[in-house]
Amino acid sequence: MLRAFNGCKRLLPSILLRPSFSEAFFTSSYRSFQSFPHDTFDTPPSGANHDMASKEAKISLKAVKGTRDWAGPDLLLRDHVFETITNVFKLHGGTPLDTPVFELREILAGKYGEDSRLIYNLEDQGGELCALRYDLTVPFARWLAMNNVQQIKRYQIAKVYRRDQPAIARGRMREFYQCDLDIAGVYDPMIPDAEILRIIVESFEALDQPIIIKLNHRKILDGIFAVAGVPAEKTRPISSAVDKLDKEPWEAVKKEMVEQKGLSEEVADKIGHIVLNRGTLDEMIQFIKSDPNLSANEEIKAGLADMELLTTYSKELKTFDSISFDLSLARGLDYYTGLIFEVIQKPQEVKEKSSKNADASAVGSIAAGGRYDNLVGMYGKKQIPCVGISFGVDRIFTILKARQGDKKPPSRQIDVYIMAFGGKEFDGLLLQRMSVARQLWEAGIRAEFSAKVKPRLPQQFKAAEEVPLAVILGQDELAEGKVRLKVLGSGKPGEDKDEKDQGLLIKREDLVEEVKKLLAANGTTSVLPLR
């Protein structure tokens, strides 16, 4: 109620002094507004409270563990992430694709290594054993093989499901969005891979988020294991253990290798001596070449050839400085065959410590991907090489929200609120408000008006609190074919550009042009591309 009262103080001085309004009417309305009970707009009927309480006693109303509802400012921020990344995908010629939320279990089986235990299996409801999709990559590979598509640059934004231990505050969920772009087809080595890295850099630059792209090559990693003495059948289990080095110290990873995976301490120490190194592309290529045992391995040679090409391309595409060649990066998924990468936020100084900042710093990787040349061939007759990136939208959201701090973002996105006032003969001017709203909507301008025939003064003030502009309709002005356009300030309650400003009296046919000018001048929003 107090916010609505502040709205009155904000608008009344600037619009009620005009000769076309009745001073007696506004004085009585203002006094009536002050005398309203504080719960006039907020408290439901007493019977509703009783019914609600009885229902709550029967059902525990909560979102399922590892899921959440999205609404208001959070949803607007998430949509901003979607739109920003999608625009980059389109910039690179991406084509959208949508696939079912569940797949046959046999499609998903054997693709995720030890993480296969996180797949949600569904009950047999119609003669088919199905499971919720774990990621968007395997369904994409199934679609490629099914439709015999040889080349495509596709993107997809959709929910995936993992039966993991959630940490919602850190963006770790059981149901969450992924935002993927993959390049499928036979191309010259490392050119699509280099473009994927460029897409990563452009996306996070657009989100104003500094990042580090950690990357490695599966052939180099497998070659390191072979040189260290890891038996071939233990390569993937040892790779899965090494992949935990971003979360656990070397001692814990070594213990898992020796006690759980059955590796000798000598071999484990050899692995640690190599994989705990990281640096620029140039530095790490030189590091590997300087070791005669590593540089003699055929798999490592093939991987180095790719990385040398990538170094050249990354310098041209200006992604080189964002890359860290990290030999401990393994990526646990079994289908990767070449370049692999993870994106983390670049460490920054935090001026004020808070739980939000702590959660944001603990989210882990915010995007990941790599090359998978053999996955499509598991479903069809032809192998179609692919490389792709998957953005973790929920984790990116956690970081961006923490960056907002205590600043309260708007709960809606409206550019103009249409108001009407009058004297004793005032009929609400509903049709005129509808007409102005239609005029603005047709121009792609976001506008609202009260869904009341004769809206009260307090209701209109309260509704306009987070809106930057108001169109004010009065009977005398409308008779002359004019309306008033007023800047309401920052969109925050109680903040007005100039309380003495009565607004701009303009012709009705000039309204759209003047609104667009004011929106552009205030940097409030861009007009939606509806027309």
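Residues numbered from 1 in each chain as written. Predicted model: local features only at pLDDT ≥ 70, side-chain atom pairs only at ≥ 80, totals over all residues. Heavy atoms only, no water.

**Notes on the overall build of the protein**
Counted only if it meets this: Working definition: helices are DSSP H or I runs of at least four residues, strands are E runs of at least two. Numbering for both runs from the N terminus. Think of it in three bands: residues with accessible area under 20% of the maximum for their type are buried, residues over 50% are exposed, and the middle band is partly exposed, with areas taken using a 1.4 Å probe on protein chains only. For this analysis, residues touch if any pair of their heavy atoms sits within 4.5 Å. The Shrake-Rupley method, run with a 1.4 Å probe sphere, supplies the accessible areas, and residue values consider only the shown protein chains as cover.
When its secondary structure is counted, the protein shows 20 helices and 16 strands. For the protein, the proportion of its 531 residues judged to be buried stands at 47%. Restricting to contacts in the protein with at least 6 residues of sequence separation, those with at least 24 account for 73%. When the accessible surface of the protein is split by element, carbon and sulfur atoms take 51% of a total near 26800 Å².

**Notes on helix α6 (residues 137–147)**
Most of α6 is tucked away, with eight of its 11 residues classed as buried. Along α6, the residues that are buried comprise Thr137, Val138, Pro139, Phe140, Ala141, Arg142, Trp143 and Leu144. Where α6 is buried, its residues meet β2 (102–104), α5 (105–108), β4 (152–161), β5 (175–184) and β11 (386–392).

**Examining the nonpolar core**
Keep this limit in mind: To form a nonpolar core, buried Ala, Val, Leu, Ile, Met, Phe, Trp, Tyr and Cys residues must be joined to one another through side-chain atoms within 4.5 Å.
Counting 71 residues, the largest nonpolar core has Ile200, Phe204, Leu215, Met257, Ile271, Phe325 and Phe391 as its most contacted members. Of the residues forming this core, the biggest block, seven residues, is contributed by helix α7 (residues 191–206). Not counting the four nearest positions on each side in its chain, Ile200 is found in contact with Ile211, Ile213, Phe341, Val343, Ile389 and Phe391.

**Remarks on the environment of Tyr379**
Rule in force here: Residues adjacent in sequence count toward polar contacts only when both atoms are side-chain atoms; beyond that, a polar contact is any pair of N or O atoms within 3.5 Å, and within protein one must be able to donate a hydrogen and the other to accept it.
Tracing the sequence through the fold places Tyr379 in the loop between β10 (367–371) and β11. Using a relative accessible area of 23% as the deciding quantity, one classes Tyr379 as partly exposed. Separated by 233 residues in the primary sequence, Tyr379 and Met146 place their C-alpha atoms 7.7 Å from one another. Apart from residues no more than four positions distant in its own chain, Tyr379 is found in contact with Ile107, Lys111, Val138, Ala141, Arg142 and Ala145. A distance of 2.6 Å separates a polar side-chain atom of Tyr379 from the backbone oxygen of Ile107.

**A word on the sheet that holds strand β16 (residues 504–507)**
Our working rule: Whether two strands pair comes down to DSSP finding at least two bridges between them. In this analysis, axes come from line fits to C-alpha atoms, helices being fitted only over the stretch in contact, and the angle between any two N-to-C directions falls in the range 0 to 180 degrees.
The mixed open sheet is built from five strands, whose spatial order is β13-β12-β14-β15-β16. If you trace the sheet from one side to the other, it starts and ends with β13 (447–449) and β16, each paired once. Strand after strand, the sheet turns through a mean of 30° between neighbouring axes, direction not considered. The strands touched by helix α20 (residues 511–522) within the sheet are β12 (416–420), β14 (469–473), β15 (482–487) and β16, with β15 carrying the most contacts at an inclination of about 5°.

**Focus: the confidence of the model for the protein**
Interpreting fine coordinate detail is not advised for predicted regions of low pLDDT. Cut-off, in case you're wondering: Known as pLDDT, the predictor's per-residue confidence is scaled from 0 to 100.
For the protein, the mean per-residue pLDDT works out to 84, and 81% of the residues sit at or above 70. The secondary-structure element of the protein with the lowest mean pLDDT is helix α2 (residues 23–35), recorded at 42, while α7 shows the highest, at 98. Within the model, the stretch residues 1–43 combines pLDDT values under 50 with 75 contacts to residues more than four positions away or in other chains. Predicted confidence for residues 490–499 stays below pLDDT 50, and this span has 25 contacts to residues more than four positions away or in other chains.

**Points about the sheet that holds β10**
With mixed pairing, the nine strands of this open sheet are ordered in space as β1-β4-β5-β11-β10-β9-β6-β8-β7. A strand with exactly one partner marks an edge of an open sheet, and here the two such strands are β1 (95–96) and β7 (278–279). With two bridges joining them, β7 and strand β8 (residues 323–326) adopt antiparallel strand pairing. Among the inter-strand pairings, Arg278 is bridged to a residue of β8, identified as Asp326. Set on the sheet, helix α12 (residues 281–289) makes contact with β6 (211–217), β7 and β8; between it and β8 the angle comes to about 20°.

**Section: unusual backbone geometry**
The phi dihedral of Asp208 is positive, around 60°, even though this residue is not glycine. Phi angles above zero are rare outside glycine, and Leu429 is one such case at about 50°. Structurally, the position occupied by Leu429 is in the loop between β12 and α17 (430–442). Note on Leu429: relative accessible area 5%, which makes it buried.

**What to know about the pairing of β5**
Every other side chain in a regular strand lies on the same face of the sheet, so the side chains alternate between the two faces. Most of β5 sits out of view: 10 of its 10 residues are buried. Alternating positions in β5 separate into two faces, Glu175, Tyr177, Cys179, Leu181 and Ile183 on one and Phe176, Gln178, Asp180, Asp182 and Ala184 on the other, with burial throughout. Here β4 runs beside β5; their pairing, made up of 10 bridges, is antiparallel. Its bridge partner being in β5, Arg154 is matched across the sheet by Asp182. Pairing between β5 and β11: seven bridges, direction antiparallel. Its bridge partner lying in β11, Leu181 is registered against Ile389.

**Concerning the pattern of salt bridges**
Short version of the rule: For this analysis, a salt bridge means a side-chain nitrogen from Lys or Arg found within 4 Å of a carboxyl oxygen belonging to Asp or Glu.
Scanning the model with the defined rule gives 27 salt bridges in all. Residues Glu514 and Lys517 are paired through a salt bridge, measuring 3.8 Å at the closest nitrogen-oxygen approach. Here Glu514 pairs with Lys517, and both are found in helix α20, just three residues apart, close to one helical turn. When its relative accessible area of 46% is taken as the criterion, Lys517 is described as partly exposed. Residues joined in a network through salt bridges with shared partners are Glu114, Lys244, Glu256 and Lys261.

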